Amino acid sequence: MSSYQNILAFETSCDDTAVAIVTGQGEILANIVYSQDSEHTPYGGVVPEIGSRSHIEQIVSKTKIAFEVAKLSPSEINAVAVTCGPGLIGPLLVGAQFAKGFALAQKIPFIPVHHIEGHIFSGATQNNFPKLPFIALIVSGGHTSLYLCQEDNKIITIGQTLDDAAGEAFDKVGRALGLGYPAGKKMDELAMSGDKNRFKFPIAMKNSHGFDFSFSGLKTKALQFIENKDNFCLKDFCASFQEAIAIALVEKAIKACKTKKINKLVLGGGVSSNSRLRELLINNSLKDEINVFLPSKNLCTDNAVMIARAALAKKLSASNFLSDVRSNLKIEERELLLKV
Ligand code: KG4
Ligand code: ZN
């Protein structure tokens with residue numbers, strides 16, 4: 001797949017210090033993720049300054065562990081990949097500067113990667129990963145978007161949330177329920193034994209023309225149910241809330257495939273490990289003969305394997321050590337990272 005033998009990758013765009021070593025064929029030799037969740041939990045969300053400091057404290061030791069696990073030495077690495085945006089500027093800078101330093105010291109290529117590109121290509125070297133073109137639905141704590149991934153490797157945003165991301169809705173409602181941060185996984189677990197038809201939630205933008213989403217109305221309704229407390233049952237509430245999010249996502253993703261006449265759909269991002277979303281997407285896409293690719297659950301939330309795999313999918317001729325980190329980098333601008 002690539003002329004690189006081994007690639008070292010970093011992902012520090014938010015609250016995980018992730019380091020991976022992946023072969024040129026995409027095989028995972030090491031996948032280390034240090035989660036800062038417990039450091040941010042007391043504040044109910046990510047505090048950027050705490051995140052930056054924690055990345056600085058962790059990145060050297062986690063890189064050493066990755067080399068131990070992979071049983072490789074730095075001289076056996078042929079390229080370095082790192083997330084350069086979008087994300088929190090301090091955390092992005094820590095990963096990018098460390099990666100550049102490593103690449104310069106080893107005199108090897110440096111490959112800047114767009115965070116969403118990482119989520120899209122997290123399963124890229126698995127056998128059943130579809131060939132371009134395909135539609136990608138990326139759902140995380142910071143993003144909820146639909147992308148048209150073209151044959152010429154161009155990625156175009158065709159729909160996005162107009163307000164909260166789906167993961168953000170899980171986290172904000174979870175915080176009101178006292179479930180800590182992040183709450184998506186816990187709500188998913190609670191929902192497993194709950195009744196999804198018990199609470200009625202609005203499905204926003206259901207009949208809108210385009211492919212945009214909106215989750216703030218759903219969040220407001222959820223907070224009203226929580227305040228009202230009458231006959232409140234946590235498991236039923238989580239199942240109903242999760243169902244409304246899954247329906248909104250699945251309907252728009254299938255509509256995008258049908259409208260664009262592309263029968264391949266790739267799911268990605270932290271929320272894509274949600275059990276009901278995965279089940280509903282598989283079930284509802286059958287009748288339209290849409291092939292759905294689900295990444296393995298351990299590669300849904302932020303990790304550095306996805307950054308390595310996205311780097312492998314690029315055809316690179318030169319490194320750009322001047323490439324900067326950008327907190328609001330659009331996917332359409334990702335080529336700017338590579339301009340020398
Ligand atoms: O992709 P990710 O690790 O970070 C961002 O790029 O934002 O996604 C984190 C998000 C959080 O909002 C978390 O609550 C959500 O993914 N999440 C889930 C599940 N696992 C993680 N949401 C619903 N169900 C899950 N099983
Ligand atoms: Zn992410």
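The rules we used
Residues numbered from 1 in each chain as written. Chains lettered and ligands numbered in written order. Predicted model: local features only at pLDDT ≥ 70, side-chain atom pairs only at ≥ 80, totals over all residues. Heavy atoms only, no water. Salt bridge = Lys/Arg side-chain N within 4 Å of Asp/Glu carboxyl O. Helix = DSSP H or I, 4+ residues; strand = E, 2+ residues; numbered from the N terminus. Buried < 20%, exposed > 50% of the residue type's maximum accessible area, 1.4 Å probe, protein only. Pairing = 2+ DSSP bridges. Donors = N, O, S within 2.8 Å, 3.2 Å for Na, K, Ca; no water. Tetrahedral: all angles 85-135°; square planar, octahedral: opposite > 155°, others 65-115°. Axes fitted to C-alpha atoms, helices over the stretch in contact; angles between N-to-C directions. Contact = heavy atoms within 4.5 Å.

Notes on the pattern of salt bridges
Here is step 1 of the chain: Under the defined criterion, the tally for this structure stands at twelve salt bridges.
Here is step 2 of the chain: A salt bridge links Lys258 to Asp288, with the shortest nitrogen-to-oxygen separation between them at 3.6 Å. Of the two residues, Lys258 sits in helix 8 (residues 234–260) while Asp288 sits in the loop between helix 9 (275–285) and strand 10 (291–293), which places them 30 residues apart along the sequence.
Here is step 3 of the chain: Given a relative accessible area of 26%, Asp288 falls into the partly exposed group.
Here is step 4 of the chain: Here the salt bridges do not stand alone but share partners, grouping Asp164, Glu168, Lys172 and Lys219 into one network.

Points about the pairing of strand 7 (residues 144–149)
Here is step 1 of the chain: The buried count for strand 7 comes to six of six residues, which makes it a mostly enclosed element.
Here is step 2 of the chain: What you see with strand 7 is no split at all: Thr144, Leu146 and Leu148 on one side and Ser145, Tyr147 and Cys149 on the other are buried throughout.
Here is step 3 of the chain: Taking the residues between adjacent antiparallel strands as the criterion, strand 6 (residues 134–139) and strand 7 are bridged by four residues.
Here is step 4 of the chain: Pairing between strand 7 and strand 8 (residues 155–160): five bridges, direction antiparallel. Following the sheet pairing, Ser145 is matched in strand 8 by Gln160.
Here is step 5 of the chain: Adjacent in sequence and paired antiparallel, strand 7 and strand 8 are bridged by five residues, among which Asn153 carries a positive phi angle near 75 degrees.

Observations concerning the coordination of the zinc ion (ligand 2)
Here is step 1 of the chain: Bound to the zinc ion (ligand 2) on the protein side are His115 (NE2), His119 (NE2) and Asp302 (OD), at distances that span 2.0 to 2.1 Å.
Here is step 2 of the chain: In this structure, the zinc ion (ligand 2) is surrounded by four donor atoms whose angles at the metal cover 94 to 147 degrees, and the resulting shape is irregular.
Here is step 3 of the chain: Sequence positions of the residues that donate to the zinc ion (ligand 2) give the spacing H-x3-H-x182-D. You can see His119 sitting in helix 4 (residues 115–120) and its partner Asp302 sitting in the loop between strand 10 and helix 10 (305–312), a full 183 residues away along the chain.
Here is step 4 of the chain: The exposure class of His119 is buried, given its relative accessible area of 1%.
Here is step 5 of the chain: Given the relative accessible area of 14%, Asp302 is considered buried.

Points about the sheet that holds strand 7
Here is step 1 of the chain: Strand order in the open sheet formed by five strands is 8-7-6-9-10, and the pairing between neighbours is mixed. With partners counted over all chains shown, the strands left at the sheet margins are strand 8 and strand 10, one partner each. Taken pair by pair, the neighbouring strands of this sheet meet at an average axis angle of 25 degrees, ignoring direction.
Here is step 2 of the chain: Along the sheet face, helix 9 touches strand 9 (264–268) and strand 10 and points at about 175 degrees away from the line of strand 9.

What is shown is where atoms sit, not what they do.
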